[in-house]
Amino acid sequence: MATERNAMFYFWKEHSSEATIQEMFLDSKGKEIGELELPEILSMLPNYERRRVLELGAGIGRYTGEIAQKASHVTSVDFMENFVEKSRELNGKYSNIEFICADVTKLEREVGSCDVIFSNWLLMYLGDEEVQCLLNKMLSWLTDDGYLFFHESCFGQSGDKKRTSNPTHYRSPMLYGTLLDAAQHKASNGTVSSFELVWARSLQAYIQLKSNPNQLCWLYTKAARSAVATGHPGGHLSFQQFLDKQQYSINGILRYERIFGHGFISTGGLKTTEEFVPRLNLQPGEVVVDVGAGIGGSAFYMAENFGVNVLGIDLSANMTSIAQERALQYKHLYGKVLLLLSV
């Protein structure tokens with residue numbers, strides 16, 4: 001892991017000399033993207049008013065000052081010293097911000113010391129083992145019912161800046177789900193806590209400006225794992241987790257797809273979709289909400305054949321993760337189909 005941390009350090013040392021927004025995005029359109037991204041992400045955050053926020057991978061502090069205006073305290077952490085100094089220059093007027101220059105893999109905080117953890121492009125710069133270790137620590141740092149929000153690039157590079165090397169981990173949403181599901185923290189009183197998914201979705205700013213639906217955000221909450229308290233078998237925190245661990249496990253979904261056809265996991269598949277959708281008299285430009293969208297077969301069919309915009313919603317995180325991977329085969333429909341997890 002030391003070799004990987006060194007690679008990441010020198011990668012960002014190369015791309016942080018001027019501490020600009022273009023360097024933060026590694027994109028020539030960083031300013032334009034940031035103007036759309038910032039309000040969109042702020043609107044997604046859980047209530048942080050008068051709460052303690054830990055911001056990891058804070059960069060030059062694009063979000064730090066915005067959050068500090070409502071939070072009781074913000075701890076802003078980044079491992080590039082010139083990024084930290086730029087953030088201090090921009091946001092030093094706020095007395096409730098603590099600026100820390102540190103590598104998150106070595107960061108230590110007190111148990112229960114924050115209510116919200118916020119990170120924007122951080123986990124993709126850590127190896128899988130480092131992510132798992134950090135997630136376990138995050139659970140200990142969060143208060144009971146605290147929140148974790150994070151945004152990552154999935155499947156591939158987004159920014160257009162040339163790079164001599166690129167050690168970034170462009171994971172699939174499915175892999176992030178696996179890492180979050182595996183995270184645990186055992187408190188001194190014996191209570192075991194895990195992360196429970198609230199929602200996952202693509203950022204519209206990148207779809208609008210770069211036709212890229214693979215910039216994803218997740219919101220998780222910390223919850224005690226107890227079969228007695230939740231009433232779900234095996235100590236699952238929610239009905240959604242029960243589904244993803246049982247009927248709609250990854251392997252289960254793929255088995256259903258082999259039976260019912262590409263993109264479908266229920267009886268009828270494409271044949272039933274082709275029979276019923278034309279009866280809706282859909283018109284180009286209309287918006288269709290596809291509730292129980294599964295892995296996206298009907299959503300992609302409607303967008304491609306009828307020119308409608310589809311909002312696909314499903315309760316299963318595994319379903320939406322596979323649907324997002326399937327969307328890579330429909331790049332001509334980017335911006336036409338939006339896949340959301342609803343819990």
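Source: prediction; values computed, not measured.

1. Some remarks on the sheet that holds strand β4 (residues 114-120)
As summarised here, the arrangement of the eight strands in space is β3-β2-β1-β4-β5-β8-β7-β6, forming an open sheet in which the pairing is mixed. The open sheet is flanked by β3 (97-101) and β6 (185-186), the only strands paired with a single partner. Here two bridges tie β6 to strand β7 (residues 192-202), and the two strands are oriented antiparallel to one another. Bridged to Lys-186 within β7 is Val-192.

2. Describing unusual backbone geometry
The phi torsion at Ala-19 lies on the positive side, around 50 degrees, for a residue other than glycine. Positionally, Ala-19 belongs in the loop between α1 (2-14) and α2 (21-25). For Ala-19, a relative accessible area of 8% translates into the label buried. For Asp-145, which is not glycine, the phi dihedral falls at a positive 70 degrees. Inspection of the secondary structure puts Asp-145 in strand β5 (residues 142-153).

3. Remarks on empty space enclosed by the protein
One pass over the full model with this rule turns up four cavities of 30 Å³ or more. The volume enclosed by the largest cavity comes to roughly 360 Å³. Breaking the lining of the largest cavity down by element, the ones donating at least two residues are α1, α2, β1 (52-56), β2 (73-78) and β4. Partitioning the lining of the largest cavity into residue classes produces 19 nonpolar, five polar and five charged. Its boundaries defined by the atoms lining it, the second largest cavity holds a volume of some 120 Å³. Looking at the lining of the second largest cavity element by element, the count peaks at three residues for strand β11 (residues 337-341). By residue class, the composition of the lining of the second largest cavity is 10 nonpolar, three polar and no charged.

4. Notes on helix α13 (residues 297-306)
The element α13 is extensively covered by neighbouring structure, given that seven of its 10 residues are classed as buried. If you check which residues of α13 are buried, you get Gly-297, Ala-299, Phe-300, Tyr-301, Met-302, Ala-303 and Phe-306. Directly after α13, the chain includes Gly-307, whose backbone phi takes a positive value near 70 degrees.

5. Notes on the nonpolar core
Counting 71 residues, the largest nonpolar core has Leu-56, Ile-67 and Phe-195 as its most contacted members. Once you skip the residues sitting within four places of it in the chain, Leu-56 turns out to touch Val-77, Val-104, Leu-107, Ile-117, Phe-118, Ser-119, Asn-120, Leu-122, Met-138 and Trp-141. Formed by 17 residues, the second largest nonpolar core is a distinct cluster that contains Leu-282, Ala-299, Met-302 and Ala-323.

6. Details of helix α14 (residues 317-326)
Extensive coverage of α14 is indicated by the burial of nine of its 10 residues. Here α14 has its buried residues at Ala-317, Asn-318, Met-319, Thr-320, Ser-321, Ile-322, Ala-323, Gln-324 and Arg-326. Where α14 begins, the capping side chain belongs to Ser-316, and its oxygen is found 3.3 Å from the backbone nitrogen of Asn-318.

7. Observations concerning the environment of Gly-307
Topologically, Gly-307 is positioned in the loop between α13 and β10 (309-314). Judged by its relative accessible area of 23%, Gly-307 is partly exposed. Once the C-alpha coordinates of Gly-307 and Glu-286 are considered, the two residues, 21 residues apart in sequence, prove to be 7.9 Å apart. With residues up to four places along the chain from it excluded, the contact list for Gly-307 reads Pro-284, Gly-285, Met-302 and Lys-336.

8. Observations regarding the side chain of His-185
For His-185, the position within the fold is in strand β6. What makes His-185 buried here is its relative accessible area of 17%. Not counting the four nearest positions on each side in its chain, His-185 is found in contact with Asn-136, Leu-139, Ser-140, Thr-191, Val-192 and Ser-193.

9. Looking at the confidence of the model for the protein
Residues at a pLDDT of 70 or more form 94% of the protein, whose mean pLDDT is 89. In this model, residues 227-231 is a region of pLDDT below 50 whose contacts with residues beyond four sequence positions or in other chains number four contacts.

10. Topic: the packing of helix α11 (residues 250-260) against α14
Packing of α11 against α14 brings their axes to within 10 Å, and their N-to-C directions diverge by 60 degrees. For the element pair α11 / α14, the angle class is oblique. Note that α11 runs across α14; the crossing there is right-handed. Facing Ile-250, Ile-253, Leu-254 and Glu-257 of α11, the residues of α14 in contact are Asn-318, Met-319, Ile-322 and Arg-326.

11. Section: the pattern of salt bridges
What the rule picks out here adds up to 15 salt bridges. For Arg-52, the salt bridge is made with Asp-115, and the minimal N-O distance between the two is 3.3 Å. Here Asp-115 lies in strand β4 and Arg-52 lies in strand β1, a separation of 63 residues in the sequence. Residue class for Asp-115 comes out buried when judged on its relative accessible area of 16%.

What counts, and at which threshold
- Residues numbered from 1 in each chain as written.
- Predicted model: local features only at pLDDT ≥ 70, side-chain atom pairs only at ≥ 80, totals over all residues.
- Heavy atoms only, no water.
- Pairing = 2+ DSSP bridges.
- Helix = DSSP H or I, 4+ residues; strand = E, 2+ residues; numbered from the N terminus.
- Buried < 20%, exposed > 50% of the residue type's maximum accessible area, 1.4 Å probe, protein only.
- 1 Å grid on protein atoms, 1.4 Å probe; cavity = no way out; pocket = protein on both sides within 12 Å on 5 of 7 lines; lining within 4 Å.
- Points joined across faces, edges and corners; volume = space filled by probe spheres on them.
- Nonpolar A, V, L, I, M, F, W, Y, C, P; charged D, E, K, R; others polar.
- Core = buried A, V, L, I, M, F, W, Y, C linked by side-chain atoms within 4.5 Å.
- Contact = heavy atoms within 4.5 Å.
- Polar contact = N/O pair within 3.5 Å; in protein donor to acceptor, adjacent residues only side chain to side chain.
- pLDDT = per-residue confidence, 0-100.
- Axes fitted to C-alpha atoms, helices over the stretch in contact; angles between N-to-C directions.
- Parallel < 35°, antiparallel > 145°, perpendicular 65-115°, else oblique.
- Left-handed = near helix turned anticlockwise from the far one by under 90°.
- Salt bridge = Lys/Arg side-chain N within 4 Å of Asp/Glu carboxyl O.

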